[in-house]
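Here's the letter readout for the chains.
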Amino acid sequence: MAKIIVMTSGKGGVGKTTSSAAISSGLAMRGHKTVVIDFDIGLRNLDLVMNCERRVVYDFVNVINGEATLKQALIKDKRIENLFILPASQTRDKDALKKEGVEKVLDELAAEGFEYIICDSPAGIEHGAYMALYFADEAIVVANPEVSSVRDSDRILGILQSKSRKAEKGEHVEEHLLLTRYNPERVEKGEMLAVEDVQEILATKLLGVIPECESVLKASNQGVPVIHDKSSKAGLAYDDAVARLLGEEKEHRFLTAEHKGLFQRLFRRSA
C-alpha cells in the first residue's frame with residue numbers, strides 16, 4: 001500500500017523543494033519505489049532541481065484532464081532505478097487541480113506499485129497547497145529556525161489536522177519537523193532559534209536538522225539532489241532524516257558549533 005507524504009511549509013524559500021528531491025531520492029536509493037509530484041502549478045521548480053526539465057512533455061494537469069496517461073507523464077530519474085517525477089504544469093493555474101482528479105492520479109500511482117508518493121506542496125495555504133496536504137498520510141513540515149517561518153508552520157499544522165482527509169475521518173496525520181539552514185554559530189549569537197526552541201513551539205517530532213551548507217545551492221544549480229553528496233554535511237543530514245522516516249534510530253548531528261582550537265585561530269590570523 002502506497003504511503004502519501006506531503007512536504008509542506010508555511011512560507012516560501014525554506015528549502016522545501018530541495019528537501020522533496022532529497023527525501024524522495026533517499027527513499028528510492030534504499031530500494032523503495034518512489035514518485036515525487038510537483039503541486040506548484042504555474043511555477044514548476046522540482047524538474048529543475050532534479051535535472052529533468054528538458055524531458056517534460058506531459059504534466060500532472062495533463063493526466064488529471066485525461067490529455068495524457070500517467071505512464072506518458074512520469075519521468076524516470078537518470079540516477080536511481082526506483083525514482084520517478086511527475087512535473088507540474090507551467091501554463092495552467094492552481095485551480096486546475098481538482099480533488100477528484102488528484103485522488104484518481106494518486107490511486108493509479110498506488111496501483112502501479114509505488115511505495116512512497118511524495119507531494120511537493122506550494123508554500124502557504126492556497127489551493128495547490130490544500131490539494132497536496134488533503135490526501136496525506138504523513139506530513140513533513142519544512143521550516144527555517146526563525147520566528148516567522150516557525151509561526152507559519154504552526155498554522156500549516158493546524159490546517160493539516162483539521163482539513164485533511166484523515167481529519168475528516170477523525171484520524172491523525174503523522175507529523176515530522178525538518179529544520180533547514182541551521183547554523184549553530186548563529187544560534188549561539190542569538191541570531192537564530194535553537195532546535196529546542198522550535199520543537200517547544202511546534203511540539204512536533206524532529207525528523208532532521210539540515211545545516212546551512214554551500215553544497216545545497218551547488219547541488220540545486222547542478223540539478224543533483226544534495227543527498228547524493230556524501231561529503232557534505234547537508235547530504236549526510238538528509239540521509240539521516242530518510243533513515244528516521246523509515247523507523248531507524250539515528251542520533252542528530254551538526255547541532256553544535258565547531259569551536260576552533262588555539263592553533264587553528266592563530267594560524268588563521270597569520271594567514
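See the structure shown above.
Residues numbered from 1 in each chain as written. Predicted model: local features only at pLDDT ≥ 70, side-chain atom pairs only at ≥ 80, totals over all residues. Heavy atoms only, no water.

Caption draft 1: How the structure looks around the nonpolar core. The biggest cluster of nonpolar side chains holds 36 residues, and the ones touching the most others in it are I37, F39, F60, V102, L109 and I117. When residues no more than four places from it in sequence are discounted, the contact partners of L109 are V35, I37, L70, L74, F114 and I117. Counting 35 residues, the second largest nonpolar core, distinct from the first, contains I5, A22, V36 and V142. (Core = buried A, V, L, I, M, F, W, Y, C linked by side-chain atoms within 4.5 Å. Buried < 20%, exposed > 50% of the residue type's maximum accessible area, 1.4 Å probe, protein only. Contact = heavy atoms within 4.5 Å.)

Caption draft 2: Expanded view of helix α11 (residues 214-222). Taken as a whole, α11 has its buried residues at S215, V216 and A219. End-on, the buried residues of α11 take up no more than an arc of 105°, which puts them together on one face. Residues E214, L217, K218 and N221 are exposed on α11 and point more than 90 degrees away from its buried face. At the exit of α11 stands G223, carrying a positive phi of roughly 70°. (Helix = DSSP H or I, 4+ residues; strand = E, 2+ residues; numbered from the N terminus. Arc of directions from axis to C-beta.)

Caption draft 3: Broad picture of the layout of surface pockets. Roughly 280 Å³ of internal volume is contained in the largest pocket. Around the largest pocket, the lining comprises 18 residues; the ones closest to its centre are G13, G15, K16, T17 and N45. Considered class by class, the residues forming the lining of the largest pocket number four nonpolar, nine polar and five charged. (1 Å grid on protein atoms, 1.4 Å probe; cavity = no way out; pocket = protein on both sides within 12 Å on 5 of 7 lines; lining within 4 Å. Points joined across faces, edges and corners; volume = space filled by probe spheres on them. Nonpolar A, V, L, I, M, F, W, Y, C, P; charged D, E, K, R; others polar.)

Caption draft 4: Molecular detail of the side chain of D120. With respect to the helices and strands, the residue D120 is situated in strand β5 (residues 116-120). Given a relative accessible area of 2%, D120 falls into the buried group. A distance of 3.0 Å separates polar atoms of two side chains, one belonging to D120 and the other to T17. When near neighbours in sequence (up to four residues on either side) are disregarded, D120 contacts M7, K16, T17, S20, I37, D38, F39, D40 and L46. (Polar contact = N/O pair within 3.5 Å; in protein donor to acceptor, adjacent residues only side chain to side chain.)

Caption draft 5: Representation of the sheet that holds strand β3 (residues 75-76). With mixed pairing, the eight strands of this open sheet are ordered in space as β3-β4-β2-β5-β1-β6-β7-β8. Edge positions in the open sheet fall to β3 and β8 (206-211), since each of these has one partner strand only. Two strands pair when backbone bridges link them, and strand β7 (residues 174-182) and β8 are joined in this way by four bridges, in the parallel orientation. If you follow L177 over to β8, its bridge partner there is L206. (Pairing = 2+ DSSP bridges.)

Caption draft 6: How the structure looks around the packing of helix α7 (residues 147-163) against helix α10 (residues 195-202). Where α7 contacts α10, the two axes come as close as 10 Å, and the packing angle between them is 35°. Of the two elements, α7 crosses α10, and the hand of that crossing is right-handed. On α10, the residues touching V150, S153, D154 and L157 of α7 are V198, I201 and L202. Among the residues making up the contact of α7 with α10, the classes are represented as five nonpolar, one polar and one charged. (Axes fitted to C-alpha atoms, helices over the stretch in contact; angles between N-to-C directions. Left-handed = near helix turned anticlockwise from the far one by under 90°.)

Caption draft 7: Expanded view of the pairing of β5. With five of its five residues buried, β5 lies for the most part within the structure. By the alternation rule, side chains of β5 split into Y116, I118 and D120 and I117 and C119, which are all buried. Of the strand pairs in this sheet, strand β1 (residues 3-8) and β5 are connected by five bridges, and their pairing is parallel. Looking at the pairing, V6 lines up with C119 of β5. Here strand β2 (residues 34-38) runs beside β5; their pairing, made up of five bridges, is parallel. Pairing of D38 across the sheet is with D120, part of β5.

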